[in-house]
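Residue strings, one per chain:
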Amino acid sequence: MQESVIYKNLNHLALIQIRHKTTHLLVQTPPFLFYGCSFAIIASSLMKIELNVMKKIFFIFLSFFIALSTVHAQKGINFSRNYTAGGKLLMSVDSSAKNVFYANVFPNQPRTSFSYLPEVNNVSIQVYFRKNINIQYYRYTILVDNNPIVVNKSINIAQLKDVNRGDEEVFRSTTLGTFAIKGKTITTLVYSIEKPLDIDKSVFYGKPIPKAKIKGFSKRFATDKGVDYSWITDPKEKTKLTFTKKDDEFTIVKDRSDIDYLYYTSIKDKQTNKIIFESTAWQYGGLVEEHEFLPYVRIDKSIFKKSGDYEIIIQPLIKWTGCMDCNFTPEDIERYTTRHTLSITLDEENYTKKELLIYTLIIACSIGLVFLVILYFIKKRNRKKLTEKEQQKDIAKLKLNSIRSQLNPHFLFNALSGIQNLMNKNEIDHANKYLSKFARLTRNVLDDKELINLSQEKTLLDDYLQMEQLRFGFKYEINRSEDLDNIEIPSMLLQPFVENAVKHGVSQKATDGKIMITFVRQANDLVLTVTDNGNGFDTEKKNTGLGLLLSDSRIALLNGIYKENRFTLVKQSTTNGTKVSLTLTDWL
């Protein structure tokens, strides 16, 4: 009897010890403690009790089973971390799960959330309510792969617990269940019977997201009866399309899936690398596959502004970087993306106002640049011509100075010969007067001025003629208009012709000789003439006199310098006299 009581107490003590050890181990974090330490502690405790062999074996297997169950629980759902699941739902997933893409929303699916769980085995779904909400009016429905497992079920108010989610507000929460999600789709619908149309839909997707496939393209064009379509089905990696004026719309058709709303379409101009079109709105119709219409998106032709390559991109609208424990690479994301190249040819190019403004500015700048380049080269050429002209002018001036330097000694030699002649004749008074005129004349002749006015030219000619009158006794006249006195001409322009008239014209006629000099305006021309009544000479015969030869060369050089004003020399001679006319064209 005593042994029986002791046996019962030991059994009770053993059970208490096993329970305490198990409870202690359930809260341990590292799983290896349960495989090693937990089993060793429980087994050693049993070995201290004097029980029969069968009972010892039973308790050993029981403790081992409890340890394995605890380890499995440690590897299961981590309830300490919650994810938003859309609407009033939160979820918890496996402790070791990576890449939890939670609560994605879509513009074309209001009140719908999508959680992509590619590496999750089990998901626990919890619902949360604020305390001011009438929970008794709420219902929920759960579908697994579109098969309902819970339909229009009320919230179990008895299971609601108060939960503080980190802020001051306290929520009431309960679990809708824990579900195996691997390879499945779980859809929850939560709604109030007071507002049955306001349904919060949450989709938990545990399958690989299928890559979209483009099933076809179409162009819509105008006809006499309305519109018609031309189709391209099952296109390859690149499609060539030509849009005419009649074409107004382009359609992309993709394969059908139960998550079409997940995909969005964009078109990128490959020349500028800019997105020119985006859409999440799929319609159904056009092509039919397995008795169901396929989803399509319509695009206005006007988005294609110019010919070139464009890229169609269809991909899931998922925040790839907005997940917990993400380790997705760009290569991983690309596996979900469909790309197709369109080679567009436009019969009529379209441009936006901004592009037209840019092109206009480019053209204007190009024209301006070309104009500036042309202007630069024109100016450069003109400068070169001007430089060459100035050089030629300088050369001509040098030659003129050379000729003048030859005329002056020639004149002085003739004058000195005249003085010698007077002295030989013993005409001392005339020689003195001659020397006086000669002195003033020499100062004027040796003055190195290129231009002198007509009054100065007249004074020089007066001095010369008066000086020669002392030798030969001829008469002379110089006629001019007073309004021409300040008109400038090349210095000593007429002197060689006047000297020739004296020596070869009137020198033999003594007092019967006469020389007439005139300065006359004819319109814009200035005409200078020297007339004598001498015996004349043959104008066709080449002059041998140095003065006239130098004068001819000088006039030729003056025509090279003053190209706008022509110097024209005309010689007329008969036995009754000679007339030399020099016309300065457009000089006045």
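The structure reproduced in this document is the subject of the present report. (Residues numbered from 1 in each chain as written. Predicted model: local features only at pLDDT ≥ 70, side-chain atom pairs only at ≥ 80, totals over all residues. Heavy atoms only, no water.)

Time to look at helix H8 (residues 495-506). Every α-helical turn comprises 3.6 residues, leaving residues that sit three or four positions apart pointing alike. An ideal rise of 1.5 Å per residue puts 16 Å on twelve residues; H8 measures up with 15 Å between its terminal C-alpha atoms. Most of H8 is tucked away: ten of the twelve residues are buried. Listed in full, the buried residues belonging to H8 are Gln495, Pro496, Phe497, Val498, Glu499, Asn500, Ala501, Val502, Gly505 and Val506. (Helix = DSSP H or I, 4+ residues; strand = E, 2+ residues; numbered from the N terminus. Expected span 1.5 Å × (residues − 1). Buried < 20%, exposed > 50% of the residue type's maximum accessible area, 1.4 Å probe, protein only.)

A few words now on the pattern of salt bridges. All told, the structure shown has 22 salt bridges when counted by the stated rule. Of the charged contacts in the structure, one is a salt bridge between arginine 298 and glutamate 249, with a shortest N-O distance of 3.7 Å. Of this pair, arginine 298 sits in strand S19 (residues 292-300) while glutamate 249 sits in strand S15 (residues 247-254), placing them 49 residues apart in sequence. A network of salt bridges, in which partner residues are shared, links Arg220, Asp248, Glu249 and Arg298. (Salt bridge = Lys/Arg side-chain N within 4 Å of Asp/Glu carboxyl O.)

A word on helix H7 (residues 454-472). In this model, H7 (19 residues) spans 26 Å end to end at C-alpha, consistent with the 27 Å of a helix rising 1.5 Å per residue. Once H7 finishes, glycine 473 follows within two positions and takes phi at roughly 75°, a positive value.

Quick look at the sheet that holds strand S26 (residues 525-532) now. Read across the sheet, five strands follow the order S23-S25-S26-S28-S27 without closing on themselves; strand pairing throughout is mixed. With partners counted over all chains shown, the strands left at the sheet margins are strand S23 (475-480) and strand S27 (567-574), one partner each. Taking each pair of neighbouring strands and ignoring which way they run, the sheet shows an average axis angle of 10°. As paired elements, S23 and strand S25 (residues 514-522) share six bridges and run parallel to each other. Directly across from tyrosine 476, in S25, lies its bridge partner isoleucine 515. The sheet strands contacting H7 are S23, S25 and S26, and the helix crosses S23 at an angle near 175°. (Pairing = 2+ DSSP bridges. Axes fitted to C-alpha atoms, helices over the stretch in contact; angles between N-to-C directions. Contact = heavy atoms within 4.5 Å.)

Attention now moves to the pairing of strand S13 (residues 226-233). Looking at chain direction, strand S12 (residues 214-223) and S13 are connected through eight bridges and run antiparallel. Bridged to arginine 220 within S13 is tyrosine 229. The turn joining S12 and S13, which pair antiparallel and follow one another in sequence, is formed by two residues.

Another aspect to go through is a positive patch on the surface. A grouping of Lys379, Lys380, Arg383 and Lys384 is seen on the molecular surface, where their side chains present a positively charged patch. Along the chain, lysine 384 turns up in helix H5 (residues 353-424). In this structure lysine 384 comes out as exposed when scored by relative accessible area, which is 53%. (Patch = residues over 30% accessible without salt bridge, like charges linked within 9 Å, V, L, I, M, F, W, Y side chains within 5 Å. Areas by Shrake-Rupley, 256 points an atom, 1.4 Å probe, with all protein chains shown as cover. Lys, Arg positive; Asp, Glu negative; His and termini not counted. Charge placed at Lys NZ, Arg CZ, Asp CG, Glu CD.)

With that out of the way, let us pick up the environment of leucine 416. For leucine 416, the position within the fold is in helix H5. Considered as a pair, leucine 416 and leucine 435 are 19 residues apart in the sequence and their alpha carbons are 9.0 Å apart.

Here we take up the side chain of threonine 141. If you trace the backbone, threonine 141 turns up in strand S6 (residues 138-144). From its side chain, threonine 141 meets the backbone nitrogen of asparagine 152 in a polar contact 3.0 Å long. A polar contact of 3.4 Å, which involves the side chain of threonine 141, links it to the side chain of tyrosine 191. (Polar contact = N/O pair within 3.5 Å; in protein donor to acceptor, adjacent residues only side chain to side chain.)

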